Every structure is written in C-alpha cells, then in structure tokens.
Amino acid sequence: MKRILLLLVVFVVCLNTAAQSLDLSQPLSTNSKIKKGVLPNGLTYYIYNTDVTKKAVSYYIIQNVGSVLENDDQQGLAHFLEHMAFNGTKNFEGKGILNTLQKHGAVFGKDINAYTSFDETVYNMNDIPATQELIDTCLLVLHDWSNDLLLTDEEIDAERGVIKEEWRTRQSGRMRVLKQSLPTMFNNTIYSKRMPIGTMSVVENFEYKALRDFYHDWYRSDLQAIAIIGDVDVNTVESKIIKLFTPIPAVDNPKERFLVNIPDNNQMLYSLAMDEEVTTSQINFSIRHQKALTNETVADLRQSLINRMIISMLSSRIREISKKPDAPFLGAGISYGNFTRTTNSLNLNIYPKPNEQHKAFKAGLEELNRAVKFGFTEGEIERTEIKIKNSYETQITKVDDKSHKRIASEIQKNYLENTTLSDVTKNYELVKIILDKLTADDIHNRLKELYTQKNRSLIVTGVKGKNNLTESEALDIISTVENDERLLAYFDDFGGKALMSGIEIIPGEIRTERDNEAIEATTFRLTNGVTVHYKYANKNKNDVQLRAISYGGTSLLNNDDLPSADLLGNFIASSGLGNYSATDLAKVLAGKTAKTHIEVNGLTESITGSSVTKDVETLLQMIYLRFVKPRFDDDAYKVLMGKIDNYIIRRSNDVNQKINDSVTIAVYGKNNPKRALFTREYANKMTFDKMKSIYLDRFKNVADFEFFIVGDIDQKTLKPLLEKYIASIPATKEKETWKDNSVNWVSNSIDKDVFIKMEDPKSTVHIAYKNNMDYSLENEIIAKTVGDILQLRFTETLREEEGGTYGASALASIVKRPLEQAFISVNFDCNPEKVEQLISIVHAELKKIAKGEINQVDLDKTTTNYLKERKQQQDYNSYDMTLLTNFYREGYNMNSPENFEKIINEISVKDIKSFVKHVLKKAKTYEVVIKPKN
C-alpha cells in the first residue's frame, strides 16, 4: 500500500513538473476566431465574427505604404493619395463613397475615415449595418480602394486647398519643435524628412502623373490587407472576398517595399529645439532597440511580460516622486514599445519645473539607474504580478466585448509587424507558469539589457533665454549618475494593508424596494434617505457602472470660490482616499479593478465609478469613503499649484490659447468672473482651504444624491453591499437645487476682428446665434439635426467647393437649464485671404435653411444616422445607464418609440426651417474673427 501511495505521489509530482515546464521556442497559440488567408495576387484578408455591436460590420484596408516610400519630389503624396480615395473610384465617382454610406447612417470623420503615417495608410468604415446589400457595397469600396482610384485632374486640384488648410490648422510652436527634433529622433534617416503631411511646395505644385505613379508603384495587392470585423457569416464573406478580389492583377516587376533601418550610434544623439511660442521645457531620453519581425514564440511572450513588469514598477516609482512638492519635475513617464517598424524604444520623458531642467533630468535618470543597479523589491514584484493576473482575468471575461477598433488594431499589427493574433485564454495559462518561475534576477537582468550604452538619444525642448540643458551638461549628468556609489536601493515596506483598515461601519437597511417594469429596473430606498436605482445589464460582461448626482454645483458658490472649484476634481484625485495617499492607494488597490471620480459642474456635483463585477464591494467602499472620509492632502495641493504655475507659463505665448482667450474676452468681457481667463490672478484666488470647504459643502449630504447602478451584478449580491456601504453613510433631510448661473454676452450683437502675431498665418472664425426657445425633447432632437445638416453643408461648401478650410465645426443645440435657450454656432480655421468669402457662405447657408431651402437627402442622411446609432448603442451597458438616468432625472423613457423613433421619423424640412428661422430672428449674435498681425 505504501509503495502504491509513493508511486502516486511521484506521478503527481511528475505531472506538476510537466505542467510547469516551458518550451520557449514553441509558437504562441493563435486565435481561432480570426480567419486569415492570402489570395494568389498577394492580398491578405482577415475575417472576425463578433456581435459586440449586433448587426454591424466594420471594414478596413491596411496599405503597407507610408511617407517613407516617397521620393524628394513626392513629399506629401502618400497622405494626398489617402484623401483622393474619397474623391472618386471606378464604382463610386466623385463623392460616391461618402454619399452611398451616409445614406445608410454613416458619418464622415466618425464612421468613415483614414490616416497616413510613416509606414502605413489605413482606411476604415465602422459600424455599417450588416445587410447583404451593404456588405457587398463595402467590399466593393475596399476593392476600389485597393485598385481603382480615378485620380482625376479636377479632383486632385480641388483637394490641394483642403490639404493646405489641414497643414495650416496643425501648425503650432510644438509642431515646429517636433520638426527640429526629427533628425535626432530618427538618426538622420529618411524618417526625419518625411512628415506625412509633406511640404506645401510639393502639395501645391506636383504634376498629376507624380501622384498616379506613386499610386501605381505602391497601392498593390501584395502590400494590402483587408479586415472585415463584425456580425457576419465568415464563410460567406470569405467567398465574396475570393470572388471580388482575386481578379485584381498583381503588379509586374514591383518595386521593393524596403524597410528603413535606423543605424546604430555609439555616441548619444542630442538636439535642443526651441520656438518663440514654446515657453516650457521637456526632456526625452531614449534608448533604441532592434525589433524582431519573426514569428512570436513563448520566449517573446515571456520577454514582453517582463518588459511590462519593468515599466509598471518604474512608472510607479516615478509617479511617487512626482507627487512630492520638492520634486524637480512636474511629471515624468517611462515606457517601452514600438518606435518604428524595425525598432522599439525605452523612453524616459520628463517635464521639468521652470528653470530646473538639470535637476529634473538628474532625478529622473537616478530613478532609472536605481532600478538598473539594484533591481526591484519583492513587494513591488508581487503587486505587479497580481495586477497582471487581474488584467488577464478581466480580458478573458470581456473577450466577447472587444471593440471592432481594438480587433482591427491587433490585425494591423499582425499584418505589418508579424505579431501573433493570440488566444488570450491560452496565453494566460503560459503567463501563470512564467510568473511562477520568474525571479527578481530575471527581471533585473532584462532591465540591464534594455539600459544599453549605444543607440541613445536626448531631445531637449528648451525655452529661449533660459538655462537649457546642453549636450555636455547632459553627458556629465549621465556619467555622474551611472557612477554614483551613493545611490541607494529603493525601499518599500508597504504591505498587508486594506482600503477599510481601522474604519468601523454601522450598516443601514433597505427600507423599500420597488420594481419598474417599463425599463426593467428596481429602486431601493435606504434608511438614511438615499435612493438607488438599479438595472441589471450584461451586454458587456464583467462591467458595473455607478453614478451619484445632486443638483447645486458651482451655481451655489460665490464668484471668489469659482477658481478653487475649477480644479477641485484634480485635487481630490491626487489626494488619495481614506487613510491613504494617492501613492499608497494604488498599492492597496493592486489586483482590484475599481475607480471613482468626482466632478463639480455648473448645476450639479457627481461621483462616477466603475468596476469589474468581482470588485463591486471595493467600488462601494470607495464611494463610502468619498462621503465619510475624503482625503485632502497638503502635498497634493502643492504639487497641483506647481503644475498650475507651469500651465500659466506654457499658455503665455501659445497662439491657440491667445485665440481662445480673445474669443472669450470678445464675447464675455475681460473680467467676467464666470468666464475668467486662466491667468496668474485667477490662480492666486485658489486656496487649499477653499477647495476643502467646497468639497465638504457639495458632498456633505449623501441623501441629496440620486444613485444609479448598472451592470452584471445580481440583486442578491448587491443589496447587502448597499446596506453596508451606502445606507451606513450619515445623512440629513436637507435638499438643494441649482440657481440660475447663466452668463450674458457683453452685447446682443458682437462683431469683432482681433489681430494676433503668429508664425504661421491663419484666421479663426467663431460665429454664434442664441435665442430663447421652449425646451422639449422634440426640439432637442431637431436642434441636433440642424447642427448635423449644417455640418454636411459646410463640409461640402467651405471644404470641398472652396478648399478654404480643413473642416468647420457646426453645432445646434437647445438647453433646458438654467435657461431654455437655443444655439447655433460655426467655428473654423482658414486661409486669411479667404476669410470674408467663407463667412459670407456661412451666413448664406443659414439664410437658405431659414427660407426652407434644405436638401432632403441631407435630412435623410442625418436621421438615418440617428436611428442606426441608437440601435447600436442599445448593445452596451452604457445605454442602460443613460436610460436609467433620463427616466428618473429627466422624466422620460428612452425606450418608448414616441420619445425617439417617432420624433426622428416625423422630422420634416418644415421643422428644420422653423427651428433655424426662430433662432435667427432677433437673435443675440457674435462674429469674432482672429486675423494674423503683420
């Protein structure tokens, strides 16, 4: 018998040993949900079935083509070609792609878009209804984007102005600093000369053939992948792809799609970049590493896991320093990850306090070298392992809730960088074994591998006239820190503490419970007077959301208190909670996924929170502490004030800030306390005592808050937690409401030009109308419709026809509180030479609509979009939170057709005309135009 028992023990030990063994050369398992194939012409396709958004599909084409492939006389053509894909293809002439998809509810810029980078160009059509007709249509769009762009002379010329205005909009002091830094960042390779926007001399003057040649050379099937993600039948879609895309011919004698390798540098690369508009500094210290593009194995998973742990622990240490008032930097961050197609980078980013660049660089580098020299503590490693396991477990429970965009990102990395489309569940089994075997030395040694002496670069964003960190000074600091024998190991004695340690709670009870069949919710009345509305929702797994809202907000504050209320949320977030500073709170919550946030707005104060289902108790504990034991940390306040000082300096010469301030002054006056500029005088009115007093006043009575909880936590589990953590909070019967805090304009008719000195000339236009109007749900939806119709009109006229702006932002709205008023506004940047012409078009379009000259197609596109989005929103828990909140706060049921679908379907041209006519008639108006000063 003993022999049998011994054999059994040996057998179990052997099984365990086998289970714990790892073959590091083994390929990572792939996600079987993703169908991947390659056609004979070289085109790669991916299909992923998911109903995260029911009856919706997203489509992507990933072009392995970016600006690094341009010749000197082609700079900007990769990006220009991206624009042209929306300006005529074989099967969709002119704006045919946009017009076709907009008729089915898609919105340009939101659902239909593209981007161009150094190494790739990616197009997308997101959340398109999953009808067979539209699946065929979108596949045809992908087909045309692959091989059938028209590139007509007329459309090319029309787009030159649009791209010039995109360039103009993006210009700033920070952009000019970036351009100065590129040679150092990329070691003088072609990357440093190929900003995707290109040069305007090329954009304005290239010959048509140059663009067509670039298109022929690089837009080809062997450099393309398409991805179809959504509620589709995989086999059916695959058959359609094979039939439609196989006939696309492969290009004969194709140009080599070369990869740009950044050469090694033994000496540190350095640059100091400055601009008149940039008044605060930044330091970026980087160490570049070659990236493997081979198939990933378990060894790669292990290395990426260790890298993740290193960055997590280093980030925690640096955050801890940044929360100290005497830290020489306002913030710092460390990261490791993708830099270019062939490289990764270890980055230390530092934001020094004014005139402390040298101290800040030394402090950040010391913290990095402390870890390089001594490694990490057992406590740090243990907390990080808990966090990683919690992260994987959360991912696994939410695997079916992964968004189309996230899936597309993973597919893109697989196609462009050969990362594995892995199975997270199987990976987690490997991760647990890796973590079990991992030692502190393994982590320490990997960090020493990352901290190499070669391939270093230091980019300093300096400030003109200040003591900027020079190359020789930086090298001296690096040498001093790396050879400092006085550097001590990091000390960490935190452990064994809980969020509610030392806090005694006397639970309350649920006094009444009432079901609401109309929206399938339940209302609990607690013994302390709190009302909690609860709705079970499992559309998103492992997801619980909470809101607590009370009327009052800053409308109940004196004007002198408004500056302190402005940044109250930041102060509370950085103060920690209960017994713990923000640094220690992160340690206490290691392995927990729960967070809360407070806000004090114009008419309300609120606490919002979320958690995974297993951590709802932690979420409610945090809510309890927000009311019963909030924390006001003096060091956190001092750090916040330091950041404010830097912000005031940073915005002092920033042209965009000057533009915003000029508009505010023109509309509200220079010294309006409710619309004050963020100046030194404004900041001086903030105090620690006022912030504390405002919080204690606004959050003094939990019974004045209405609670909303939505998620996949059942009543049986939730109710005792409500009794323990919410019903136990002391409360009074006092109730508050808001006061009218509306702000008048300085005049009923404002027409002002403001001249500002700027490096890159542009004009900025702000036009607005407001008028009294009775609020109703119908008027709210009509107002939104007006704004979106205007957006379509101005995209067509100001952007496409005139080429005068990259895009105008049009908005129409009606507000219920504090006054019932309707607004129409239009804002855009533009060529200063066209400003008067474009303004006249804006007014002309508004007058047309007020006369009833409205394109029915535009109205149909807009209302179809609303119906599509509402249907898709209903697949998410967040919709149920809005449903619950609107039912009890605003008094209507979003699910009732008469409150949405009926209104949408009955909106007419007459309604649009009536709204705009009403707003424009005897309206209060402003037209503020910013112009460059010579």
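Residues numbered from 1 in each chain as written. Predicted model: local features only at pLDDT ≥ 70, side-chain atom pairs only at ≥ 80, totals over all residues. Heavy atoms only, no water.

### Re the overall build of the protein
Within the protein, the regular secondary structure consists of 31 helices and 23 strands. Its C-alpha atoms give the protein a radius of gyration of 30 Å, within 12% of the compact-globule value 30 Å for 934 residues. For the C-alpha atoms alone, the extent of the protein along its principal axes is close to 95 × 80 × 65 Å. Every one of the 934 residues in the protein was classed for burial, and the buried ones make up 55%. Summed over all atoms, the accessible surface of the protein reaches about 41300 Å², with 49% contributed by carbon and sulfur. (Helix = DSSP H or I, 4+ residues; strand = E, 2+ residues; numbered from the N terminus. Rg over C-alpha atoms; globule rule 2.2 N^0.38 Å. Buried < 20%, exposed > 50% of the residue type's maximum accessible area, 1.4 Å probe, protein only. Areas by Shrake-Rupley, 256 points an atom, 1.4 Å probe, with all protein chains shown as cover.)

### Some details on the side chain of K762
Relative to the helices and strands, K762 is located in the loop between β19 (749–756) and β20 (763–772). Reaching out from K762, the side chain makes a polar contact with the side chain of D829 at a distance of 3.4 Å. The contact partners of K762, leaving out residues within four places of it in the chain, are R168, T169, N656, I659, D829, C830, P832, I930, K931 and P932. (Polar contact = N/O pair within 3.5 Å; in protein donor to acceptor, adjacent residues only side chain to side chain. Contact = heavy atoms within 4.5 Å.)

### Quick look at the layout of surface pockets
Empty space within the largest pocket amounts to approximately 1600 Å³. Going through the elements one at a time, β8 (282–290), α10 (298–322), β9 (329–340), α12 (378–397), α13 (404–417), α14 (424–437) and α15 (440–450) are the ones with two or more residues in the lining of the largest pocket. Considering every element that reaches the lining of the largest pocket, the biggest residue donor is α10, with eight residues. Looking at the lining of the largest pocket residue by residue, the class counts come to 14 nonpolar, 19 polar and 16 charged. When its volume is computed, the second largest pocket comes out at roughly 1200 Å³. If you go around the second largest pocket, you meet 49 residues; those closest to its centre are L98, F108, G109, T795 and R799. Elements with a minimum of two residues in the lining of the second largest pocket: α2 (77–84), α3 (96–102), β4 (112–116), α5 (153–170), α6 (173–185), α26 (777–801) and α28 (856–873). With 10 residues, the single largest contributor to the lining of the second largest pocket is α26. (1 Å grid on protein atoms, 1.4 Å probe; cavity = no way out; pocket = protein on both sides within 12 Å on 5 of 7 lines; lining within 4 Å. Points joined across faces, edges and corners; volume = space filled by probe spheres on them. Nonpolar A, V, L, I, M, F, W, Y, C, P; charged D, E, K, R; others polar.)

### Some points on the sheet that holds strand β10 (residues 343–352)
The mixed open sheet is built from five strands, whose spatial order is β7-β11-β8-β10-β9. With one partner strand each, in any of the chains shown, β7 (269–273) and β9 form the two edges of the open sheet. The mean inter-strand angle of the sheet, taken between neighbouring strand axes irrespective of direction, is 15 degrees. As paired strands, β7 and strand β11 (residues 456–461) are joined by five bridges and run parallel to one another. Of the residues in β11, the one forming a bridge with L269 is S457. Relative to β7, α6 is tilted by about 165 degrees, and along the sheet it contacts β7, β8, β9 and β11. (Pairing = 2+ DSSP bridges. Axes fitted to C-alpha atoms, helices over the stretch in contact; angles between N-to-C directions.)

### Some thoughts on the packing of helix α18 (residues 568–575) against helix α24 (residues 688–698)
Taken N-terminus to C-terminus, the directions of α18 and α24 make an angle of 90 degrees; their axes are 10 Å apart at the nearest point. By the angle class used here, α18 and α24 are roughly perpendicular. Contacts from L568, F571 and I572 of α18 reach α24 at F688, M691, I694 and Y695. (Parallel < 35°, antiparallel > 145°, perpendicular 65-115°, else oblique.)

### Observations regarding the sheet that holds strand β3 (residues 56–63)
Pairing is mixed in the open sheet, where six strands are placed in the order β1-β2-β6-β3-β5-β4. Both outer strands of the open sheet, β1 (34–38) and β4, are each paired with one neighbouring strand and no more. Across the sheet, the axes of successive neighbouring strands diverge by a mean angle of 10 degrees, strand direction being ignored. Alignment of β3 against strand β6 (residues 224–230), held across seven bridges, turns out to be antiparallel. Note that in β6 the partner of S58 across the bridge is I229. Each of β3, β5 (121–129) and β6 is contacted by helix α4 (residues 132–147), which is oriented at about 10 degrees to β3, the strand it contacts most.

### Focus: the environment of P897
Mapping P897 onto the fold places it in the loop between α29 (877–890) and α30 (901–906). Note on P897: relative accessible area 48%, which makes it partly exposed. In sequence terms P897 and K353 are 544 residues apart; their C-alpha atoms lie 56 Å from each other. Excluding anything up to four places from it in sequence, P897 contacts K902 and I903.

### Re unusual backbone geometry
In this model, R817 is joined to P818 through a cis peptide bond whose omega is 0 degrees. Locating P818 in the fold gives a position in the loop between β21 (809–815) and β22 (821–830). If you check the backbone angles, N355 has positive phi at about 65 degrees while not being a glycine. Taking the relative accessible area as the measure of exposure, N355 reaches 57% and is therefore exposed.

### Let's talk about the pattern of salt bridges
All chains considered together, the criterion is met by 62 salt bridges. Between E429 and K432 there is a salt bridge; the shortest N-O distance is 3.2 Å. Within this pair, E429 and its partner K432 are both found in helix α14, separated by three residues, close to a single helical turn. Classification of E429 by relative accessible area gives partly exposed; the value is 43%. Relative accessible area serves as the criterion here: at 32%, K432 is assigned to the partly exposed category. (Salt bridge = Lys/Arg side-chain N within 4 Å of Asp/Glu carboxyl O.)

### Re empty space enclosed by the protein
Within the structure shown, the criterion is met by three cavities of 30 Å³ or more. In this structure, the largest cavity encloses a volume near 80 Å³. Along the walls of the largest cavity sit R168, Q171, S172, R176, E277, V655, N656, M758, E759, D760 and K762, which together make up its complete lining. Across the lining of the largest cavity, the residue classes tally to two nonpolar, three polar and six charged. As a volume, the second largest cavity reaches approximately 50 Å³. Around the second largest cavity, the lining residues are D697, R698, K700, N701, D704, F705, E734 and E736. Across the lining of the second largest cavity, the residue classes tally to one nonpolar, one polar and six charged.

### What to know about the confidence of the model for the protein
Looking at the protein as a whole, its pLDDT mean stands at 96, while 98% of the residues score no less than 70. A low-confidence stretch, residues 1–19 stays under pLDDT 50, and its non-local contacts, those more than four residues away or across chains, total one contact. (pLDDT = per-residue confidence, 0-100.)

### Considerations on the packing of aromatic side chains
Under the criterion given, the structure shown has 28 aromatic pairs. Ring geometry for F118 versus F186: centroids 5.5 Å apart, planes at 65 degrees, classification edge-to-face. Pair noted here: F118 is in the loop between β4 and β5 and F186 is in the loop between α6 and α7 (200–205), with a separation of 68 residues, a long-range link. With 5.0 Å between their ring centres and 25 degrees between their planes, F186 and Y191 make a pair best called stacked. Chaining the aromatic ring pairs together yields one cluster made of F571, F627, F632, Y637, F688, Y695, F699, F705 and F707. Above the plane of the ring of Y428 lies K432, whose end atom (NZ or CZ) is 4.7 Å from the centre. (Phe/Tyr/Trp six-rings, centres within 6.5 Å; stacked < 30°, edge-to-face > 60°. Lys NZ or Arg CZ within 6 Å of the ring centre and 35° of its normal.)

### Section: a positive patch on the surface
Among the surface-exposed residues, K910, K913, K917, K921 and K922 lie close enough to one another that they form a single positively charged patch. Considering the arrangement of structural elements, one finds K913 in helix α31 (residues 909–920). (Patch = residues over 30% accessible without salt bridge, like charges linked within 9 Å, V, L, I, M, F, W, Y side chains within 5 Å. Lys, Arg positive; Asp, Glu negative; His and termini not counted. Charge placed at Lys NZ, Arg CZ, Asp CG, Glu CD.)

### Describing the packing of α10 against α15
Helix-helix packing is characterised by the crossing angle of the two axes and by the distance between the axes. At a closest axis distance of 10 Å, the pairing of α10 and α15 adopts a crossing angle of 85 degrees. When the axis of α10 is compared with that of α15, the two are roughly perpendicular. Residues R302, Q303, I306, N307, M309, I310, M313 and L314 of α10 form the contact with α15, whose own contacting residues are D442, I443, R446, L447 and L450. Class assignment for the residues of the contact of α10 with α15 results in eight nonpolar, two polar and three charged.

### Here we look at the pairing of strand β14 (residues 531–536)
Most of β14 sits inside the fold, with five of its six residues counted as buried. Bridge count for strand β13 (residues 521–526) against β14 is four bridges, and the pairing is antiparallel. Directly across from R525, in β14, lies its bridge partner T531. In the sheet, β14 pairs with strand β18 (residues 706–711) via six bridges, with the strands oriented parallel. Paired with V532 across the bridge in β18 is F707.

### Examining α28
Between its terminal C-alpha atoms α28 stretches 26 Å, which fits the 26 Å expected from 18 residues at 1.5 Å a residue. When we look at burial in α28, the residues that qualify are D858, L859, K861, T862, T863, N865, Y866, K868, E869, R870 and Q872. Looking at where α28 begins, the residue whose side-chain oxygen comes 2.9 Å from the main-chain nitrogen of V857 is N855. (Expected span 1.5 Å × (residues − 1).)

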